[in-house]
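Structural characterization, general
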Amino acid sequence: MSPATVTAVVPIRNRCPLTLRFLERISRQTHPALRVVVVDSQSSDGSVEAIRRAYPQVQVLAAGEDDFWAGATNIGVAHALASGSEWLLTINDDAVIAADHVERLLQLALRHGCRILGSQINHLEDPERIWSLGSFTVWGGEELLRLGHHGERSDALSPAEAASEVLPVDALAGNGVLIHHSVFRRIGLYNARWLPHYHADSELVMRAVAAGIPAWVTPRVVLLNDFSPSQKRLPLHSLRGLWWSLGHPKSHLYLPPLLYLLWRYCPTQRRPATLLALLRRFLRMRR
């Protein structure tokens, strides 16, 4: 029986050293039927040329400068679906993964019948510190989504969680998520209109769960995320910072995605409390 085809979809823009480091890692994956598709959003730092020189087997697709994460990822996903890929792996170029990462993730997904399976994400600079083990909705809290075990040590997981191969989740960050092609064919692609950058990954998984497709995360396969080149954020107390934070698609406080999640997924009776909690959080951040 032929191994299942997996296509890794990697959106990039102007991070050539990170991109090349990532491609070096993923080029050594043990899964024999792995394709890699890079979607470049108009990089100006020579990324595309460097990829074609060093990794000619990697397919490079072009996205627009304003496609952001969701739009660029949709281009790669649509290409993979048209090419007949059975599984898709959404992953970012700041990820550092072991050589058997894809193989182990796929084995677990097949063993447990998971059509959506995410990796545990830890910090590259502190590999035992968890950034997320899945995400969970918090209606009425100051954050709509809570990262599972954020900031905890891997060895602090409960015995039951540590012994589990897969755990149920409400949502997933899109870095290191294996998704069966049938999920996209049933519910569609990422919502690039309302969630162009932040939260599009979580919303797709929430949409799948709402449609009766459970989502899972595994503590057995860990992705290390390089958070060192994190995006600089403008202070909220300045007018320019306020405008950018609430009105720029690459801000985690960009209003359209937050309001979309609230309207689409928050239970009606919890909306007032959730809105008030978000307002309190915003006012506190302005101090």
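This is a predicted model, so every value here is computed, not measured.

**Let's talk about the nonpolar core**
Residues Ile116, Ile179, Phe184 and Tyr190 are the most contacted members of the largest nonpolar core, which totals 44 residues. Where this core is concerned, the elements lending two or more residues are strand S2 (34-40), helix H3 (68-82), strand S10 (167-169), strand S11 (177-180), helix H6 (181-187), helix H7 (200-210), strand S12 (215-225) and helix H9 (255-265). Per-element accounting of this core gives the leading share, six residues, to H3. Setting aside anything within four residues of it in sequence, one finds isoleucine 116 in contact with Leu172, Val177, Leu178, Ile179, Val183, Val205, Ala208, Ile213, Pro214, Ala215 and Trp216. The next biggest cluster of nonpolar side chains, apart from the first, holds 34 residues, and it includes Ile12, Ile26, Val58 and Leu178.

**Observations regarding the pattern of salt bridges**
The tally for this structure, following the rule as stated, stands at twelve salt bridges. Among the salt bridges present, the one from aspartate 226 reaches arginine 21, with a minimum N-O distance of 2.9 Å. Highlighted residues: aspartate 226 in the loop between S12 and helix H8 (239-247) and arginine 21 in helix H1 (residues 16-26), separated in sequence by 205 residues. Residue arginine 21 is classed as partly exposed on the basis of its relative accessible area, which comes to 29%. Linked through salt bridges whose partners overlap, the residues forming this network are Glu125, Asp126, Arg129 and Arg153.

**Focus on the pairing of strand S3 (residues 59-62)**
Two faces make up the sheet, and in a regular strand the side chains alternate between them. Where S2 and S3 come together, four bridges link them in parallel fashion. Directly across from aspartate 40, in S3, lies its bridge partner alanine 62. For the crossover from S2 across helix H2 (residues 47-54) to S3, the handedness is right-handed.

**Notes on a nonpolar patch on the surface**
A cluster of nonpolar residues, Leu255, Leu259 and Leu275, forms a patch on the protein surface that exposes about 250 Å² of accessible area. Take leucine 259: its relative accessible area is 45%, and that puts it in the partly exposed class.

Conventions and cut-offs
- Residues numbered from 1 in each chain as written.
- Predicted model: local features only at pLDDT ≥ 70, side-chain atom pairs only at ≥ 80, totals over all residues.
- Heavy atoms only, no water.
- Core = buried A, V, L, I, M, F, W, Y, C linked by side-chain atoms within 4.5 Å.
- Buried < 20%, exposed > 50% of the residue type's maximum accessible area, 1.4 Å probe, protein only.
- Helix = DSSP H or I, 4+ residues; strand = E, 2+ residues; numbered from the N terminus.
- Contact = heavy atoms within 4.5 Å.
- Salt bridge = Lys/Arg side-chain N within 4 Å of Asp/Glu carboxyl O.
- Pairing = 2+ DSSP bridges.
- Right-handed = clockwise from strand over helix to strand, strands pointing away.
- Patch = residues over 30% accessible without salt bridge, like charges linked within 9 Å, V, L, I, M, F, W, Y side chains within 5 Å.
- Areas by Shrake-Rupley, 256 points an atom, 1.4 Å probe, with all protein chains shown as cover.

By themselves, these are just geometric observations and shouldn't be taken as functional.
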